[in-house]
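Coordinates in review
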Amino acid sequence: MVYTIKTVVMGESPSTTLALAGATPMADVHTPAQRSYNMSCVRSKDTKPELIVRKLLHANGFRYRLHDKNLPGKPDIVLPKYKTVIFVHGCRYAGSILPFRRR
């Protein structure tokens, strides 16, 4: 099974979080119209990692529902028989495989 835990601070924008951390937010290099267009091209459903997980589940006999709006967070895959939800998060760096670095 795949589990992903994501921490979200409700009611705070990323710039507020940066300001709280003592960092200065970067200026956006795009106009609001360009940024809106760029963000509209980012898919939230039927991504490649999600399709791979769905094919794997279906091939192993699991039946599921997709993007159930009645559950908090609108999970990608819901297995009602097992009362389990799966959130599939892809690589945020355009699919590149980046080595893990310790700080």
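Residues numbered from 1 in each chain as written. Predicted model: local features only at pLDDT ≥ 70, side-chain atom pairs only at ≥ 80, totals over all residues. Heavy atoms only, no water.

1. Brief notes about the nonpolar core
Core analysis: the biggest nonpolar cluster contains six residues, these being V53, L57, I77, L79, I86 and V88. Counting only elements with at least two residues in this core, the list comes to α3 (48–59) and β2 (77–79). Ignoring anything within four residues of it in the chain, the contact list for V53 reads I77 and V88. (Core = buried A, V, L, I, M, F, W, Y, C linked by side-chain atoms within 4.5 Å. Buried < 20%, exposed > 50% of the residue type's maximum accessible area, 1.4 Å probe, protein only. Helix = DSSP H or I, 4+ residues; strand = E, 2+ residues; numbered from the N terminus. Contact = heavy atoms within 4.5 Å.)

2. Comments concerning unusual backbone geometry
Positive phi outside glycine occurs at H67, with the angle close to 50 degrees. Checked against the element boundaries, H67 lands in the loop between β1 (65–66) and β2. Residue class for H67 comes out buried when judged on its relative accessible area of 11%. The backbone of K83 shows a phi angle near 50 degrees, a positive value even though the residue is not glycine. For K83, a relative accessible area of 81% puts it in the exposed group.

3. A word on the pattern of salt bridges
The full count for this structure, using the stated rule, is two salt bridges. D46 is the salt-bridge partner of R54, the closest N and O atoms lying 2.7 Å from each other. Note that R54 and E50 form a salt bridge whose closest N and O atoms lie 3.1 Å from each other. Within this pair, R54 and its partner E50 are both found in helix α3, separated by four residues, close to a single helical turn. Each member of the pair, R54 as well as E50, is classed as buried. Bridged by salt links that share partners, the residues D46, E50 and R54 form one connected network. (Salt bridge = Lys/Arg side-chain N within 4 Å of Asp/Glu carboxyl O.)

4. Regarding the sheet that holds β1
Spatially, β1-β2-β3 is the arrangement adopted by the three strands of the open sheet, whose pairing is antiparallel. Every other strand in the sheet has two partners, leaving β1 and β3 (84–86) as the edge strands with one partner each. Alignment of β2 against β3, held across three bridges, turns out to be antiparallel. Its bridge partner lying in β3, I77 is registered against I86. (Pairing = 2+ DSSP bridges.)

5. Regarding the confidence of the model for the protein chain
Do not read the fine detail of predicted coordinates wherever pLDDT is low. Scored by pLDDT, the protein chain comes out at a mean of 74, with 61% of its residues at no less than 70. Across the protein chain, the element-wise mean pLDDT spans from 48 in helix α1 (residues 14–21) up to 93 in β1. A low-confidence stretch, residues 1–19 (pLDDT under 50), is modelled with twelve contacts involving residues beyond four sequence positions or located in other chains. (pLDDT = per-residue confidence, 0-100.)

6. Focus on the environment of S40
Residue position: S40 is located in helix α2 (residues 32–40). For S40, a relative accessible area of 54% puts it in the exposed group. A polar side-chain atom of S40 sits 2.7 Å from the main-chain carbonyl oxygen of Y37. (Polar contact = N/O pair within 3.5 Å; in protein donor to acceptor, adjacent residues only side chain to side chain.)

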